[in-house]
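Spelled out, the chains give:
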Amino acid sequence: MSVVDVMEQLTDYTIGHFAFEESLMEQCGYEQISQHKIIHETFTRKIKKYQQDLDAGEDIAERLLDELKVWLVEHIQKEDFAYVGVVPTKPEKGMISKAIDRLMHPLS
Ligand SMILES: [Fe+2]
């Protein structure tokens, strides 16, 4: 798999994952959602910058790998873990499907 393929899949995954998380946080009434969205936006901007650098012919592989290592440790272990407590262990019926529906039809 090339760096171009990795960037394409990373972009798709990031957009989908963030939208799902934010939808779930909204439904659970997570109070820190605004701060969490800012972190997501910052990471999304970084991904766009990597894409621009890649399009400009730069070799981004090593920088991208370092960025993802930091992201996985810092964001998922800290910020994502912080909202786990507000998501019910047994989500109310339909909560997950509503979150998925919002992800698939964000403008409806
Ligand atoms: Fe997150």
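Structure first, text after, so check above.
Owing to the predicted nature of the structure, the values given are computational and were not obtained by experimental measurement.

Undergrad: So what about helix H3 (residues 61–84)? Which residues, and what values?
TA: Remark: the principal bend of H3, roughly 35 degrees, maps to His75. Of all 24 residues that make up H3, zero are buried, and the element is exposed over most of its length.

Undergrad: Go over the packing of helix H1 (residues 3–28) against helix H2 (residues 33–55), please, and point to the residues and values.
TA: Remark: H1 packs on H2, axes separated minimally by 11 Å, with the N-to-C direction vectors making an angle of 170 degrees. One way to sum up the angle between H1 and H2 is to call them roughly antiparallel. Seen from H1, the contacting residues are Val3, Val4, Met7, Leu10, Thr11, Thr14, Phe18, Glu22, Met25 and Glu26; seen from H2, they are Ile33, His36, Lys37, His40, Thr44, Ile47, Tyr50, Gln51 and Leu54. Looking at the contact of H1 with H2 residue by residue, the class counts come to 10 nonpolar, six polar and three charged.

Undergrad: Summarise the environment of Glu8; cite the residues concerned and give the values.
TA: Here Glu8 is to be found in helix H1. Counting along the chain gives 43 residues from Glu8 to Gln51, while the straight-line C-alpha distance between them is 8.7 Å.

Undergrad: Account for the packing of H2 against H3, naming residues and giving values.
TA: Contact geometry of H2 with H3 gives a least axis separation of 12 Å together with a crossing angle of 165 degrees. Taken together, H2 and H3 sit at an angle that is classed as roughly antiparallel. Note that H2 runs across H3; the crossing there is left-handed. Counted together, His36, Ile39, Phe43, Lys46 and Tyr50 of H2 and Leu64, Glu67, Trp71, His75, Glu79 and Tyr83 of H3 form the full contact between these two elements. The class makeup of the residues in the contact of H2 with H3 is six nonpolar, two polar and three charged.

Parameters and conventions
- Residues numbered from 1 in each chain as written.
- Predicted model: local features only at pLDDT ≥ 70, side-chain atom pairs only at ≥ 80, totals over all residues.
- Bend = angle between axes of the 7 residues up to and from the residue.
- Helix = DSSP H or I, 4+ residues; strand = E, 2+ residues; numbered from the N terminus.
- Buried ≥ 20, exposed ≤ 12 C-beta atoms within 10 Å, placed from the backbone.
- Axes fitted to C-alpha atoms, helices over the stretch in contact; angles between N-to-C directions.
- Parallel < 35°, antiparallel > 145°, perpendicular 65-115°, else oblique.
- Contact = placed C-beta atoms within 7 Å.
- Nonpolar A, V, L, I, M, F, W, Y, C, P; charged D, E, K, R; others polar.
- Left-handed = near helix turned anticlockwise from the far one by under 90°.

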